[in-house]
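Chain residues, written in single-letter form:
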Amino acid sequence: MQPAKRLEQIPPYLFAEINRKREKLVAEGVDIINLALGDPDTQTPEHILQAMHTAIDDVSTHNYPPYQGTREFREAAVNWMENRFGVTGLNPETEVISSIGSKEAIHNTFLAFVEPGDYTLIPDPGYPVYQTATIFAGGEPYTMPLKAENNFLPDLNTIPEEIARKAKLLWINYPNNPTGALASLEFFAELVDFCKQYNILLCHDHAYSEMAYDGYKPPSVLQVPGGKDVAIEFHSLSKSYNMTGWRIGFVVGNAIGIQGLRQVKTNVDSGVFKAIQKAAIAAYSTTEAELQNLMSVYQKRRDIIVQGLQSLGWPIEPPKATLYVWVPVPPGYSSAEFVDLLLDKCGIMVPPGNGYGANGEGFFRIALTIPDERMHEAIQRLKDAGIRYA
Ligand SMILES: Cc1ncc(COP(=O)(O)O)c(C=O)c1O
């Protein structure tokens, strides 16, 4: 038996090599501190669990759900967009669709819009699915470098004219994984203009829309006047409400974008369990105080890590959003070398920056998904091993 050639084009799984090493160390009895996973470690809030308990006892939730999500769920999504971002006038029939978490919707959007030979404009470093989905669709990824000197925003002026003309999708993700960078509404407006000029569907992956600190509130690309003419936005309940395992989100915005995605999904999956949609509606009624309570857990961990690394000479500032701290490796090391050193000398597991694209070289990523004591311990292990920035 021979799997399809396209599978050979998919780059190796980011964690494959580090996982292999970690398993070996665990077998030798090493206590590994895993700072690699973007998977919240605390429970889904109580009011969401309660809504799920009630919904699952209601037999009307047990049959096939509507492909695009229940009307009730889509209305809740539209209301949330209005309350959270001030985006009004979204049509729950044509401008919103439920998704099984955002990963599948991201992948399926490529299948809906990219033909062999088309380009996709994707960030580097970036969430690996943008690249693999381009390959699955037979397209050509054109990577937009995210550089520290540009505040990890793509420089649209460097995209060659002939590539822009052949591009079908432009992907952005702010707050950004892995860099923790933010984008302003002004920058979103530039992207909207660019995508209008070249007739590109602008795809904003907003997986971390609620994961922000110090009072910062990330904007939506649909707040830009005319944004809906070219943009769709991917929302997910996974990270904000500790719901990664539940698999629910929604995509909202341009009706052609939503219709294309809907056509693929109608032929691939059968929607999200209706009980989960009811639980998600409860999630969208989370009060600001409750949300801040959830975020305070990560903000505290962020401060432990950032202050700890600063005390060891690292030139970093606390990120205002996401679950991650994007950290430069000390001079003289490659990302892979430094990540290996952390695992071998300290039993600390982190992904190398270049696992997110060539422009991630020189960095590694820390996820804020383990308890405070383990964060303190990680810093202590660095101190004990004499590892400093310079
Ligand atoms: C940038 C980004 N987009 C999308 C996702 C997918 O999240 P989910 O499918 O759980 O909504 C992730 C998860 O790590 C992510 O980091």
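Keep in mind the model is a prediction, meaning the values are calculated, not measured.

In this structure, L170, F194, W314 and F364 are the most contacted members of the largest nonpolar core, which totals 106 residues. Looking at which element gives the most residues to this core, the answer is helix α11 (residues 288-311), with 8 residues. Non-local contacts of W314, meaning those with residues more than four positions away in its chain, are made with L309, V327, P328, P330, F338, F364, I387, R388 and Y389. Counting residues in hydrophobic clusters, the runner-up holds 20 residues, among them Y130, A133, C203 and I258.

This brings us to the UniProt feature "modified residue: N6-(pyridoxal phosphate)lysine" (unreviewed entry) in the protein. The UniProt record annotates "modified residue: N6-(pyridoxal phosphate)lysine" (unreviewed entry) at K239. With respect to the element layout, K239 can be found in the loop between β7 (231-236) and β8 (249-253). Looking at K239, the relative accessible area reads 16%, which means it is buried. Apart from residues no more than four positions distant in its own chain, K239 is found in contact with G38, P40, A207, Y208, M211, T244, L323 and Y324. Engagement of the side chain of K239 in a polar contact is seen with the backbone oxygen of G38, the distance being 2.7 Å.

Another point: the site of the ligand. Around the ligand there are 14 residues in total, and D205, Y208, S236, S238 and R247 lie nearest to it. In the environment of the ligand, a nitrogen atom lies 2.5 Å from a nitrogen or oxygen atom belonging to the side chain of D205. One nitrogen or oxygen atom from the side chain of Y208 is found 2.6 Å from an oxygen atom belonging to the ligand. Compared with its free state, where it exposes 400 Å², the ligand has 91% of that area covered by protein. A per-class count over the shell around the ligand returns 4 nonpolar, 6 polar and 4 charged.

A separate point is the side chain of S209. Inspection of the secondary structure puts S209 in the loop between β6 (201-205) and β7. A polar contact of 2.8 Å, which involves the side chain of S209, links it to the side chain of E210.

A few words now on the UniProt feature "binding site: pyridoxal 5'-phosphate" (unreviewed entry) in the protein. Summarizing the sequence annotation, UniProt attributes the feature "binding site: pyridoxal 5'-phosphate" (unreviewed entry) to Y67, Y127, N177, Y208, S236, L237, S238 and R247 in the numbering used throughout. In summary, the annotated positions, distributed over 181 residues, remain apart in three dimensions as well, the widest C-alpha pair reaching 28.9 Å. Considered against the second largest cavity, the annotated residues that line it turn out to be S236. Secondary-structure assignment places Y127 in the loop between β3 (119-124) and α6 (129-136). Beyond its immediate chain neighbours, meaning those up to four positions away, Y127 contacts K103, I106, N177 and D205. By the element assignment, Y208 lies in the loop between β6 and β7.

One simple way to see leftover space: roll a probe sized like a water molecule over the atoms. All told, the structure shown has 2 cavities of 30 Å³ or more when counted by the stated rule. Estimates place the volume of the largest cavity at around 80 Å³. Surrounding the largest cavity, L35, I305, L309, W314, F338, L342, I348, F364, I366, A378, I379 and L382 form its lining. The set of elements that each furnish at least two residues to the lining of the largest cavity consists of α11, α12 (335-346), β11 (363-367) and α13 (372-384). Of the residues forming the lining of the largest cavity, the biggest block, 3 residues, is contributed by α13. Across the lining of the largest cavity, the residue classes tally to 12 nonpolar, no polar and no charged. As a volume, the second largest cavity reaches approximately 30 Å³. What lines the second largest cavity is W80, S209, E210, H235, S236, S240, Y241 and Y284.

Criteria and cut-off values
- Residues numbered from 1 in each chain as written.
- Predicted model: local features only at pLDDT ≥ 70, side-chain atom pairs only at ≥ 80, totals over all residues.
- Heavy atoms only, no water.
- Core = buried A, V, L, I, M, F, W, Y, C linked by side-chain atoms within 4.5 Å.
- Buried < 20%, exposed > 50% of the residue type's maximum accessible area, 1.4 Å probe, protein only.
- Helix = DSSP H or I, 4+ residues; strand = E, 2+ residues; numbered from the N terminus.
- Contact = heavy atoms within 4.5 Å.
- UniProt positions renumbered as here; feature names shortened; annotations may be inferred.
- Polar contact = N/O pair within 3.5 Å; in protein donor to acceptor, adjacent residues only side chain to side chain.
- Near = heavy atom within 4 Å.
- Areas by Shrake-Rupley, 256 points an atom, 1.4 Å probe, with all protein chains shown as cover.
- Nonpolar A, V, L, I, M, F, W, Y, C, P; charged D, E, K, R; others polar.
- 1 Å grid on protein atoms, 1.4 Å probe; cavity = no way out; pocket = protein on both sides within 12 Å on 5 of 7 lines; lining within 4 Å.
- Points joined across faces, edges and corners; volume = space filled by probe spheres on them.

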